[in-house]
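# Observations on the model geometry
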Amino acid sequence: PNKSCQTSTWPSQCGPAPMPMVGIESLVVICSERSAGIHSNTTAKQPASCNLKACSISRFAALTVAFTYLVTFDYFGDRNTALLAAAMLLGISAFMRLNGPGNQPKTPMVLFGLMTLWATIKDRPFAAGVFGMLSALSWQPGLLFVGAAGLAFSRYLTSWRDRKVLRLLAGAALPLALQLLYFW
């Protein structure tokens, strides 16, 4: 969509300026306030969700809800329980409110953490390590997912012969090594 005229928020307002309106039908209202204020590139008749950044954020939230369903279904084997878990996540107002307009570092951490749990359920230690480290690189407490997968693959530190923990650690080392190479 084409951008509307350059608009500005109320220059004569004392204190913080009000938020610019999105979806204003009259171009005269958009173009009338130009003298000073904060520059805004709003698009007439377009919601904020049409922004590419907002769409990518809502994709992270949608994937988090989808993996909540998938992990719950694979663990419990019951569709109703899985639907309830996904609905409960959607019912948390803070999750929906915070993931709409901006990027929250906890959402990718939870998404990659759920992917770690899913790979653990499917007995894929290398993938669990990759997703666990991606969770930790999103937000540091996500490293706990690697620890939880390590406990599961070692059968609570009682079985080391199948080398699943080594594959888990190799998978976790891959994203970390790629990040270190990138910043080197």
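Presented here is a report on the structure given in the accompanying data block. Keep in mind that what you see is a predicted model, and the values were worked out from it rather than measured.

This next bit is on the nonpolar core. Core analysis: the largest hydrophobic core is formed by 17 residues, its most contacted members being Phe67, Met115, Ala128, Phe131, Ala149, Phe153 and Leu168. Listed by contribution, the elements that provide at least two residues to this core are helix H2 (52-76), helix H5 (106-121), helix H6 (125-138), helix H7 (143-153) and helix H8 (164-183). The dominant element in this core, judged by the number of residues it contributes, is H5, at five residues. Ignoring sequence-local partners within four residues, the contact set of methionine 115 consists of Phe67 and Phe131. In terms of nonpolar packing, the next biggest core, distinct from the first, is built from five residues, Ala61, Val65, Leu89 and Phe95 among them.

A few words now on unusual backbone geometry. Even without being a glycine, aspartate 123 presents a positive backbone phi close to 60 degrees. Relative to the elements of secondary structure, aspartate 123 occurs in the loop between H5 and H6. Taking the relative accessible area as the measure of exposure, aspartate 123 reaches 41% and is therefore partly exposed. Phi is positive for arginine 163, which is not a glycine, with a value near 60 degrees. As for its position among the elements, arginine 163 is in the loop between H7 and H8. Take arginine 163: its relative accessible area is 55%, and that puts it in the exposed class.

Where H6 meets H7, the closest approach of the two axes is 7 Å, and the angle between their N-to-C directions is 160 degrees. In this view, H6 runs roughly antiparallel relative to H7, as classed from their interaxial angle. Between H6 and H7 lies a crossing whose hand is left-handed. Where H6 approaches H7, its residues Pro125, Ala128, Gly132, Met133, Ser135 and Ala136 are matched on the opposing element by Leu143, Phe145, Val146, Ala149 and Phe153. A class-by-class count of the residues in the contact of H6 with H7 yields nine nonpolar, two polar and no charged.

Definitions and limits used
- Counting restarts for each chain, with residues numbered from 1 along the sequence as it is written.
- With the structure being a predicted model, the display of local features is reserved for residues of pLDDT at least 70 and the display and counting of side-chain atom pairs for 80 or more, all residues being used for whole-chain, interface and lining totals.
- Side-chain figures throughout are based on the complete set of non-hydrogen atoms in the structure, without hydrogens or water.
- In this text, buried Ala, Val, Leu, Ile, Met, Phe, Trp, Tyr and Cys residues form a nonpolar core when linked through side-chain atoms within 4.5 Å.
- Each residue gets one of three labels from its accessible area relative to the maximum for its type: buried under 20%, exposed over 50%, partly exposed in between, using a 1.4 Å probe on protein chains only.
- Numbered from the N terminus, helices here are DSSP runs of H or I no shorter than four residues, and strands are runs of E no shorter than two.
- We call two residues in contact when some of their heavy atoms are within 4.5 Å.
- Only the stretch in contact is used when a helix axis is fitted, and all axes are lines through C-alpha atoms; the angle between N-to-C directions ranges over 0 to 180 degrees.
- For classification purposes, an angle smaller than 35 degrees is called roughly parallel, one larger than 145 roughly antiparallel, one from 65 to 115 roughly perpendicular, and anything else oblique.
- Working rule for handedness: look at the near helix, and if it is turned counterclockwise from the far one by less than a right angle, call the crossing left-handed; if clockwise, right-handed.
- Under the grouping applied here, Gly and all other residues not named as nonpolar or charged are polar, the nonpolar ones being Ala, Val, Leu, Ile, Met, Phe, Trp, Tyr, Cys and Pro and the charged ones Asp, Glu, Lys and Arg.

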